[in-house]
Amino acid sequence: MSKSIAYKHYLRALSRWPKDNLRPECQFQDVMQRRIDRRFLLASSSNTPNAAQAVANSAIDEKVELGQVNAIYSLLENRYSRKYPITGSLMQPASNPTHYTDLVKELEEAPDRSWFSRQVNKWKGFLRFQ
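What counts, and where the lines are drawn
- Residues numbered from 1 in each chain as written.
- Predicted model: local features only at pLDDT ≥ 70, side-chain atom pairs only at ≥ 80, totals over all residues.
- Heavy atoms only, no water.
- Patch = residues over 30% accessible without salt bridge, like charges linked within 9 Å, V, L, I, M, F, W, Y side chains within 5 Å.
- Areas by Shrake-Rupley, 256 points an atom, 1.4 Å probe, with all protein chains shown as cover.
- Salt bridge = Lys/Arg side-chain N within 4 Å of Asp/Glu carboxyl O.
- Helix = DSSP H or I, 4+ residues; strand = E, 2+ residues; numbered from the N terminus.
- Core = buried A, V, L, I, M, F, W, Y, C linked by side-chain atoms within 4.5 Å.
- Buried < 20%, exposed > 50% of the residue type's maximum accessible area, 1.4 Å probe, protein only.
- Contact = heavy atoms within 4.5 Å.
- Expected span 1.5 Å × (residues − 1).
- Arc of directions from axis to C-beta.
- Polar contact = N/O pair within 3.5 Å; in protein donor to acceptor, adjacent residues only side chain to side chain.

Naming follows an unreviewed UniProt entry, where the chain appears as Ubiquinol-cytochrome-c reductase complex assembly factor 2 of Hyaloscypha variabilis.

Quick word on a nonpolar patch on the surface
A cluster of nonpolar side chains, contributed by Leu 22, Ile 86, Leu 90, Met 91, Tyr 100, Leu 103 and Leu 107, occupies part of the molecular surface with about 640 Å² of accessible area. For Met 91, the position within the fold is in the loop between α5 (79-83) and α6 (99-109).

Quick notes on the nonpolar core
Formed by Ala 6, Tyr 7, Tyr 10, Ala 13, Leu 14, Met 32, Ile 36, Phe 40, Val 69, Ile 72, Tyr 73 and Leu 76, the largest nonpolar core amounts to twelve residues. Where this core is concerned, the elements lending two or more residues are α1 (5-16), α2 (28-44) and α4 (62-76). The dominant element in this core, judged by the number of residues it contributes, is α1, at five residues. Sequence-distant contacts of Leu 14, that is, excluding residues within four places in its chain, are made with Phe 28, Gln 29, Met 32, Gln 33 and Ile 36.

A word on α1
Over its twelve residues, α1 extends 17 Å from the first C-alpha to the last, a length consistent with the 16 Å expected when each residue adds 1.5 Å. Buried within α1 are the following residues: Ala 6, Tyr 7, Tyr 10, Ala 13 and Leu 14. Summarising the axial view, the buried residues of α1 lie within an arc of 130°, below the 170-degree limit, and thus occupy one face. Facing away from the buried side of α1 by more than 90 degrees, the exposed set consists of Ile 5 and Ser 15. Two to three positions downstream of the cap, the backbone nitrogen of Ala 6 sits 3.2 Å from a side-chain oxygen, assigning the N-cap of α1 to Ser 4.

Topic: the side chain of Gln 29
Within the secondary structure, Gln 29 is located in helix α2. In this structure Gln 29 comes out as buried when scored by relative accessible area, which is 7%. At 3.0 Å, the side chain of Gln 29 and the backbone oxygen of Trp 17 are in polar contact. Once you skip the residues sitting within four places of it in the chain, Gln 29 turns out to touch Leu 14, Trp 17, Pro 18 and Lys 19.

Written out as C-alpha cells, the structure is:
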C-alpha cells in the first residue's frame, strides 16, 4: 500500500465523485482507480520482477500528482461554474429557448426508461412532422 499523500487524496476525491446513472457500466471512479493503482502501487511494489527498473521509469513526482488531485477537487466543488457563472440568454438560444431545459429533463429520465419507451422515443425521432 502506498503511503503517498497524493494517493490518499486521489482515493478521497474519487470516493466523493458522483455516480453516472446514464452509463453505470463505465464509471469515472473505476477508470481513475485503475490508473492511480497502476501508477502508485507499481512504483511502490518491490516483489515484482524488474522492480528497480519499474520504479526508475515511473518515479512519482508528488507535486505534479497533487496538482492533478487539485484539478479533480476543483471539478468536485464546482469552482469554475461559481467563478464563471452562465448568465443572460446563453442558456436560451433564440432558435430553441427550451433546448437546455429539455436536455436536462431527458438526461434525468433516461436511466429509468424501459426498453419499450426507448424504442418509442427512437421512432418519435425518426418521424418528425412539422
